[in-house]
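For reference, the chains in residue letters:
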Amino acid sequence: MAEDCLFCKIIAGEIPSNKVYEDDSVYAFHDINPAAPVHILVIPKKHLSAVNAASEEDQALLGHLLLKANDIAAEQGLADEGFRYVINTGDKGGQTVYHLHLHILGSRQMTWPPG
Ligand code: AMP
Ligand code: ZN
């Protein structure tokens, strides 16, 4: 757990969240400010500040996170109609919380390119 990390505090239960899924290594919860009718964040329990802070030892964790996101997207009914994953990275990537998180966005038509 990293000091002063919002998402570490959510994992620890120190800050409430609307949990969708949890296991030994990942945690998923509804985004507090949804950008789509379905907007879920999937995070590793291990504190990684961003996706590009991961290293070789995190390979299985990242794979697990992505596969669990697929399960969650399917449970939300998004598998057939489609959805979007987003990992904002760094300042110009629009990252505001520096604990790796995968956004699952769905139930509306997405456009490209993103803003
Ligand atoms: P990003 O801009 O990719 O770093 O995304 C951070 C996301 O975290 C935003 O979509 C916020 O709405 C979301 N967020 C911030 N605080 C909370 C919170 N306490 N509970 C749930 N989601 C949050
Ligand atoms: Zn953290």
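A brief look at the structure comes next. (Residues numbered from 1 in each chain as written. Chains lettered and ligands numbered in written order. Predicted model: local features only at pLDDT ≥ 70, side-chain atom pairs only at ≥ 80, totals over all residues. Heavy atoms only, no water.)

### A few points about the coordination of the zinc ion (ligand 2)
Ligation of the zinc ion (ligand 2) by protein atoms is provided by C5 (SG), C8 (SG), H47 (ND1) and H99 (ND1), these donors lying 2.0 to 2.3 Å from the ion. Of note is the zinc ion (ligand 2), whose four donor atoms meet at the metal with angles of 105 to 115 degrees in an arrangement that counts as tetrahedral. One chain supplies every donor to the zinc ion (ligand 2), and in sequence these donors are spaced C-x2-C-x38-H-x51-H. Of this pair, C8 sits in helix α1 (residues 6-11) while H99 sits in the loop between β4 (83-86) and β5 (102-106), placing them 91 residues apart in sequence. (Donors = N, O, S within 2.8 Å, 3.2 Å for Na, K, Ca; no water. Tetrahedral: all angles 85-135°; square planar, octahedral: opposite > 155°, others 65-115°. Helix = DSSP H or I, 4+ residues; strand = E, 2+ residues; numbered from the N terminus.)

### Quick look at the pattern of salt bridges
Across all of its chains, the model carries six salt bridges by this definition. Ionic pairing is found between K9 and D4, a salt bridge with its closest N-O pair at 3.9 Å. Across the salt bridge formed by K45 and E22, the nearest N and O atoms sit 2.8 Å from each other. Separated by 23 residues along the polypeptide, K45 in the loop between β3 (38-44) and α2 (59-75) and E22 in strand β1 (residues 19-22) bring together distant segments of the chain. (Salt bridge = Lys/Arg side-chain N within 4 Å of Asp/Glu carboxyl O.)

### Focus on the site of ligand 1
By nearness alone, 16 residues border ligand 1, and D31, N88, T96, H101 and H103 come closest of all. The backbone of V97 places a nitrogen or oxygen atom 3.0 Å from an oxygen atom of ligand 1. Calculation on ligand 1 without its partners gives an accessible area of 510 Å², and the protein chains cover 84% of this total. Only α1 and β2 (26-30) provide two or more residues apiece to the shell around ligand 1. In terms of residue count, the dominant contributor to the shell around ligand 1 is α1 (three residues). Here the residues of the shell around ligand 1 sort into seven nonpolar, eight polar and one charged. (Near = heavy atom within 4 Å. Polar contact = N/O pair within 3.5 Å; in protein donor to acceptor, adjacent residues only side chain to side chain. Areas by Shrake-Rupley, 256 points an atom, 1.4 Å probe, with all protein chains shown as cover. Nonpolar A, V, L, I, M, F, W, Y, C, P; charged D, E, K, R; others polar.)

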